[in-house]
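# A structural walkthrough
As a plain string of letters, each chain reads:
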Amino acid sequence: MPHPLRAFDRRLVIVFFGAILFSTFGRAEQISTIPPARDSAYINPWTFNLTQYMWFPGVNGDFSAERASRSVDVSFIDISDESRRFPLGFLGRLEAHYNRLGFYLDGNYMNLQLKPRLDRLSNGLDSEMGLMDYGIAYRILGPSAAEILSSMGKMKTNWLEVYAGGRTLWLDNSIKQAGPLSDQRNFSASKSFTSPVIGGRFMVSFTPKWFVLVDGNIGGFGAQNVTLTASILGAVGYRTTLFNLPMSVEVGYKALHYNVDKGGSLETRATLNGPFIGLSGYW
């Protein structure tokens with residue numbers, strides 16, 4: 001017959017170790033239900049930026065509409081004197097970035113209305129151009145857009161990215177041609193063209209606030225009768241904030257060339273180039 005004290009001791013030991021196990025598992029369960037602390041260094045991989053520009057280009061090229069044509073070689077100041085409407089180019093660019101991958105949509109509109117030249121058979125020209133660029137970009141060097149946004153204005157950031165996409169160009173040329181008997185005929189044609197575009201751009205920061213941005217692309221390659229289209233942009237920018245929103249102001253120079261519809265009713269070969277000023281917001 002076992003001694004009653006020894007039986008009591010065994011029960012006491014079992015209860016003691018049971019309490020320890022219960023306490024251990026209870027603490028583990030409690031720890032597992034505590035939500036993890038938010039990482040103070042967390043950076044949202046999604047970022048967006050919107051840029052709006054005003055462009056002041058001169059024009060050099062040949063414009064046609066059906067059987068009529070006109071050659072133009074004028075600076076922006078000359079266009080301002082000759083034009084029936086102040087010739088501004090309005091641009092807007094929207095970008096969305098996820099880590100190193102980016103998506104962009106870039107639109108441009110230009111309205112050129114030149115008065116007839118009265119010193120000879122007079123040709124007046126109205127040319128409207130709508131331009132839409134869109135595609136995918138990938139940042140191959142430097143920090144991602146989210147990392148730049150998190151440290152904007154605090155450190156120098158340099159980066160390089162490449163992109164590929166499409167360019168849709170809409171043209172509407174109207175030429176008023178006067179004859180020797182003061183008779184006047186109007187010729188007009190409009191058409192849109194879509195072609196592939198490849199390019200790259202880079203940014204170099206000289207200080208945390210001052211930077212240089214260069215963007216260049218080329219496209220066409222004969223698609224939809226677009227022989228060649230190309231664009232180059234260079235800008236100096238300054239980073240700041242407005243209403244607690246990160247912003248930057250850019251001043252630079254932009255050139256755009258397009259050669260389309262060779263042999264067609266809307267054959268156009270033109271280069272537009274001139275200064276621009278822009279404002280960008282980031283979030």
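Scroll up a little and you will see the structure.
The notes below deal with the structure included here. (Residues numbered from 1 in each chain as written. Predicted model: local features only at pLDDT ≥ 70, side-chain atom pairs only at ≥ 80, totals over all residues. Heavy atoms only, no water.)

### Looking at the packing of aromatic side chains
- Inspection of the entire model under this criterion finds seven aromatic pairs.
- Aromatic side chains Trp 46 and Phe 48 sit 6.1 Å apart centroid to centroid with 10 degrees between the ring planes, which places their arrangement in the stacked category.
- Look at Trp 46 and you get partly exposed, because its relative accessible area is 40%.
- On the accessibility criterion, Phe 48 (32% relative accessible area) is partly exposed.
- Taken together, the ring pairs in this structure connect Trp 46, Phe 48, Tyr 98 and Trp 283 into an aromatic cluster.
- Between Lys 254 and the ring centre of Trp 55, over which it is positioned, the NZ or CZ distance is 5.6 Å. (Phe/Tyr/Trp six-rings, centres within 6.5 Å; stacked < 30°, edge-to-face > 60°. Buried < 20%, exposed > 50% of the residue type's maximum accessible area, 1.4 Å probe, protein only. Lys NZ or Arg CZ within 6 Å of the ring centre and 35° of its normal.)

### Regarding unusual backbone geometry
- Phi angles above zero are rare outside glycine, and Asn 244 is one such case at about 65 degrees.
- Positionally, Asn 244 belongs in the loop between β10 (226-242) and β11 (245-260).
- Even without glycine at this site, Asp 261 takes up a positive phi of about 55 degrees.
- Classification of Asp 261 by relative accessible area gives buried; the value is 4%. (Helix = DSSP H or I, 4+ residues; strand = E, 2+ residues; numbered from the N terminus.)

### So, the side chain of Ser 174
- As for its placement among the helices and strands, Ser 174 is situated in strand β7 (residues 159-178).
- By relative accessible area, which is 18% here, Ser 174 ends up buried.
- For Ser 174, the residues in contact, after removing those within four places along its chain, are Gly 124, Leu 125, Asp 126, Phe 187 and Ser 188. (Contact = heavy atoms within 4.5 Å.)

### Things to note about the environment of Leu 160
- Along the polypeptide, Leu 160 turns up in strand β7.
- Judged by its relative accessible area of 28%, Leu 160 is partly exposed.
- Sequence separation of Leu 160 and Tyr 138 is 22 residues, and the distance between their C-alpha atoms is 8.7 Å.
- Leave out the neighbours within four places in its chain, and Leu 160 touches Tyr 138, Arg 139, Ile 140, Leu 141, Arg 201 and Phe 202.

### Let's talk about empty space enclosed by the protein
- For the structure on display, the rule yields three cavities of 30 Å³ or more.
- A volume near 620 Å³ is recorded for the largest cavity.
- Around the largest cavity, the lining comprises 39 residues; the ones closest to its centre are Asn 49, Arg 93, Glu 95, Arg 201 and Leu 213.
- The residue makeup of the lining of the largest cavity, split by class, is 19 nonpolar, nine polar and eleven charged.
- Of the pockets and cavities examined, the second largest cavity occupies roughly 60 Å³.
- Those elements giving two or more residues to the lining of the second largest cavity turn out to be β2 (58-65), β5 (101-114) and β6 (123-141).
- In terms of residue class, the lining of the second largest cavity is made up of seven nonpolar, one polar and one charged. (1 Å grid on protein atoms, 1.4 Å probe; cavity = no way out; pocket = protein on both sides within 12 Å on 5 of 7 lines; lining within 4 Å. Points joined across faces, edges and corners; volume = space filled by probe spheres on them. Nonpolar A, V, L, I, M, F, W, Y, C, P; charged D, E, K, R; others polar.)

### Quick notes on the pairing of strand β3 (residues 68-74)
- Along β3, the buried face is formed by Ala 68, Arg 70, Val 72 and Val 74; none of Ser 69, Ser 71 and Asp 73, which line the opposite face, is buried.
- Bridge count between β2 and β3: seven bridges; the pairing is antiparallel. Across the sheet, residue Asp 62 finds its bridge partner in β3, namely Ser 71.
- Counted along the chain from β2 to the antiparallel partner β3, the turn is two residues long, and its residue Glu 66 has a positive phi close to 55 degrees. (Pairing = 2+ DSSP bridges.)

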